[in-house]
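Reading the structure
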Amino acid sequence: MKSITSVAIQASMLAALTALGGLAQAATWIDVGPASGFVIASSTVTYSPSPALQVKYYDDNLVPQSPAAIQGYINGVFGSSLGAAVSFCDNATSGCTAGTTAGLSGGVNSYTSAAAYDYLAIHFGQGELVFHWAAPVAAGATFTVAGLPKDLSNYRAFISAVPEPETYAMLLAGLGMLGFLARRRQGK
């Protein structure tokens, strides 16, 4: 007959091994792009416009799923800074910008935004796909994705803060003024 102590030790070891096994299978971000086709859960996923600069897949449920949280994940995954970004989200989330649509037709999901975007997050089943294009997808362009292994839940699109031409003009004027002042000081 086993002692209570040895049973307790065995139970503790089993619990520790189970916890370690869970850590080994922890959810992670996986780089699956920029290819126009990649495999997730034995299903080939295709998308357009492609290729994107980068495509990342998170193999678990991101919590929470708010636009601000997704924006934070995008910042972390891509090393971007979308702090001043304008977000466009799906019809399943309140506060979305008018002109966005998401639909399912014959296994093909589509998204059309009223504004340009260069980051797009797609939540499906318990997974997340995040796309980043080098040049923004134009306003009114339709993004399509097919072959998702689970039903699509929502889209969230973001545009990075790109300086306006006036900002560049002010920067150049400021640099010109600094150059003028430096030259003037040298002349004295």
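Here the structure is shown first, and the text comes after it.
Summarised in this report is the structure supplied together with it. Sequence order sets the numbering: in each chain, residues are counted from 1 along the sequence as written. Per-residue local features are limited, in this predicted model, to residues with pLDDT of at least 70; the limit for side-chain atom pairs, both in listing and counting, is 80 or more; totals at the level of whole chains, interfaces and linings are taken over all residues. Note: side-chain values were computed over all heavy atoms of the structure, leaving out hydrogens and water.

**Quick notes on the nonpolar core**
Of all hydrophobic cores here, the largest spans 22 residues; its most connected members are Leu-120, Ile-122, Leu-129, Phe-131 and Phe-143. Among the elements of the structure, strand S2 (37-40), strand S3 (43-48), strand S4 (54-58), strand S8 (117-124), strand S9 (127-137), strand S10 (142-146) and strand S11 (152-159) are those that each provide at least two residues to this core. Here, nonpolar core means buried Ala, Val, Leu, Ile, Met, Phe, Trp, Tyr and Cys residues that are tied together by side-chain atoms lying within 4.5 Å of each other. Each residue is assigned to one of three classes by its accessible area relative to the maximum for its type, calculated with a 1.4 Å probe on protein chains only: buried under 20%, partly exposed between the two thresholds, exposed over 50%. With 10 residues, the next largest nonpolar core counts Ile-74, Leu-82, Tyr-119 and Val-130 among its residues. A run of H or I in DSSP becomes a helix once it reaches four residues, and a run of E becomes a strand once it reaches two; helices and strands are each numbered from the N terminus.

**A closer look at unusual backbone geometry**
For the peptide bond that leads from Gly-33 to Pro-34, omega is 20 degrees, which places it in the cis range. Relative to the helices and strands, Pro-34 is located in the loop between strand S1 (29-31) and S2. Omega for the peptide link from Ser-50 to Pro-51 comes to 0 degrees, which places this bond in the cis form. One can find Pro-51 in the loop between S3 and S4.

**Notes on the pattern of salt bridges**
Basic side-chain nitrogens of Lys or Arg form a salt bridge, by our definition, when they fall within 4 Å of a carboxyl oxygen of Asp or Glu. Evaluation of the coordinates by the stated rule reveals 1 salt bridge. The partner of Lys-56 in a salt bridge is Asp-31, with the nearest N and O atoms 4.0 Å apart. Pair noted here: Lys-56 is in strand S4 and Asp-31 is in strand S1, with a separation of 25 residues, a long-range link.

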